[in-house]
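# Architecture and fold: a report
The residues making up each chain are set out below.
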Amino acid sequence: MPIATPEVYNEMLDRAKAGKFAYPAINVTSSQTLNAALRGFAEAESDGIVQISTGGAEFLGGQYSKDMVTGAVALAEYAHILAEKYPVNIALHTDHCPKDKLDGYVRPLLSLSEERVKAGRNPLFQSHMWDGSAETLADNLRIAQELLEQARRANIVLEVEITPTGGEEDGVTHEINDSLYTTVDDAIRTAEALGLGEKGRYLLAASFGNVHGVYKPGNVVLRPELLKELNDGVAAKFGKQSPFDFVFHGGSGSSEEEIRTALENGVVKMNIDTDTQYAFTRPVADHVFRHYDGVLKVDGEVGDKKQYDPRTWGKLAEAGMAARVVVAANNLRSAGNKMT
């Protein structure tokens, strides 16, 4: 199937919310990790989301120029071709973009898709994220209003993060403290500024103790039940039941119980990066350790081309990451739920 059209993406999100499951959103940084994500979704018979962060886009742009837009566009165009060979629907998304990178990343990509739509084509990406969590809520929502209007014109869904996620993601750092919990007042202000669909569709990354990366048990206190409080508080004021489509950030390492509670309370997308990074790299390290004198030319020897050929260890890396995507799809109940 090709990359999801705007209509298919909206249907995907609606089905997830109604069925109380969520799509794994897998960060990719190369054609290899893209292949691994697509393979994992296909093997799980799950539709899914592939996403590119600012750091990932810079890496994709090559270390000579480090151009984020070039990197993101290049992989997105490649994904549009490659995805046609996979029997699942895939949405393309850009991950965390803070204020100082909007002009060099999300705004140009939105403009590109807007021009495509004006020409009768589909947008290049299906959704983009604005991460205003480091700004005041007033400034965050002011910028979100501007981006949402442009996203609406481009048939694109906007993701907004209104309060901080702890830990570090592409240089954006937040402490692990009580500010990591969105309040009902925060949610009401968001609904007042962005509407509840009539101004354009958006996904809400609310904070319920989320932290990027993986931490030992006890270091992070997740409260996914908080999402119900946010939905109920906004529903009581605006009269729309279950008004938000929530995103679960910092999902790597979460317990199955925490994930289930989040799904029951409206999460439709869960970001997974740290776990899939490890799943990709672990088989490569294993290969190097097992074939050390083949991968390297030790003591004047010539090594073993079959062992240092990138295809040899690259296939192992792809399989390892794909297997982790299958686990994610099963945990999020999207496995076996692909649209036909």
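In this report, we go over the structure that sits alongside the text. (Residues numbered from 1 in each chain as written. Predicted model: local features only at pLDDT ≥ 70, side-chain atom pairs only at ≥ 80, totals over all residues. Heavy atoms only, no water.)

## Quick notes on helix α4 (residues 68-82)
When the terminal C-alpha atoms of α4 are compared, their 21 Å separation across 15 residues agrees well with the 21 Å that a helix rising 1.5 Å per residue should span. Residues of α4 that are buried make contact with α2 (31-44), β2 (48-52), α3 (54-60), β3 (90-94) and α5 (106-118). Put simply, D67 is the residue that caps the front of α4, since its side-chain oxygen is 3.4 Å from the backbone nitrogen of V69. (Helix = DSSP H or I, 4+ residues; strand = E, 2+ residues; numbered from the N terminus. Expected span 1.5 Å × (residues − 1). Contact = heavy atoms within 4.5 Å. Polar contact = N/O pair within 3.5 Å; in protein donor to acceptor, adjacent residues only side chain to side chain.)

## Details of the environment of L222
Within the element layout of this structure, L222 appears in the loop between β8 (202-205) and α8 (226-238). By relative accessible area, L222 is classed as buried at 14%. Separated by 17 residues in the primary sequence, L222 and G239 have C-alpha atoms spaced 28 Å apart. Every residue in contact with L222, bar those within four places of it in the chain, is listed here: F208, G209, N210, F248, S254 and E258. (Buried < 20%, exposed > 50% of the residue type's maximum accessible area, 1.4 Å probe, protein only.)

## A short note on the packing of aromatic side chains
Applying the stated rule across the entire model yields four aromatic pairs. Consider the rings of F21 and Y23, whose centres lie 5.5 Å apart with planes at 85°: the pair is edge-to-face. Taken individually, F21 and Y23 each receive the classification buried, so the pair is uniform in this respect. With 5.7 Å between their ring centres and 50° between their planes, F244 and F246 make a pair best called tilted. There is no split in this pair, since F244 and F246 are both buried. In textbook terms, an aromatic cluster arises when at least three aromatic residues are bridged by ring pairs, as seen for Y202, F244 and F246. Sitting above the plane of the F238 ring, K237 keeps its charged end 5.9 Å from the centroid. (Phe/Tyr/Trp six-rings, centres within 6.5 Å; stacked < 30°, edge-to-face > 60°. Lys NZ or Arg CZ within 6 Å of the ring centre and 35° of its normal.)

## With respect to the packing of α2 against helix α13 (residues 310-331)
Between α2 and α13, the least distance of the axes is 7 Å, while the angle of their chain directions is 45°. The angle between α2 and α13 places the two elements in the oblique class. For α2 against α13, the interelement crossing comes out right-handed. For the pair α2 and α13, the contacting residues are Q32, T33, N35, A36, A37, R39, G40, F41, E43 and A44 in the first and P310, W313, G314, E318, A319, M321, A322, V325, V326 and A329 in the second. Of the residues contributing to the contact of α2 with α13, the split by class is 12 nonpolar, five polar and three charged. (Axes fitted to C-alpha atoms, helices over the stretch in contact; angles between N-to-C directions. Parallel < 35°, antiparallel > 145°, perpendicular 65-115°, else oblique. Left-handed = near helix turned anticlockwise from the far one by under 90°. Nonpolar A, V, L, I, M, F, W, Y, C, P; charged D, E, K, R; others polar.)

## Observations concerning the nonpolar core
Counting 78 residues, the largest nonpolar core has Y105, V160 and F244 as the members making the most contacts within it. The element best represented in this core is α4, accounting for eight residues. Those residues in contact with F244 that lie beyond four places of it in its chain are K17, A187, A191, L196, Y202, L204, L230, N231, V234 and G266. Grouped together as the second largest cluster of nonpolar side chains are 16 residues, M12, A25, A205 and V268 included. (Core = buried A, V, L, I, M, F, W, Y, C linked by side-chain atoms within 4.5 Å.)

## Focus: α2
Taking 1.5 Å as the rise per residue, α2 with 14 residues should run 20 Å; its terminal C-alpha atoms sit 20 Å apart, in good agreement. Within α2, 10 of the 14 residues are buried, leaving the element largely enclosed by the surrounding structure. Looking only at α2, the buried set comprises T33, L34, N35, A36, A37, L38, G40, F41, A42 and A44. Residues of α2 that are buried in the fold lie against β1 (23-27), β2, α4, β3, α10 (274-290) and α13. Regarding α2, its N-cap is S30, as a side-chain oxygen of that residue lies 3.3 Å from the backbone nitrogen of Q32 further along.

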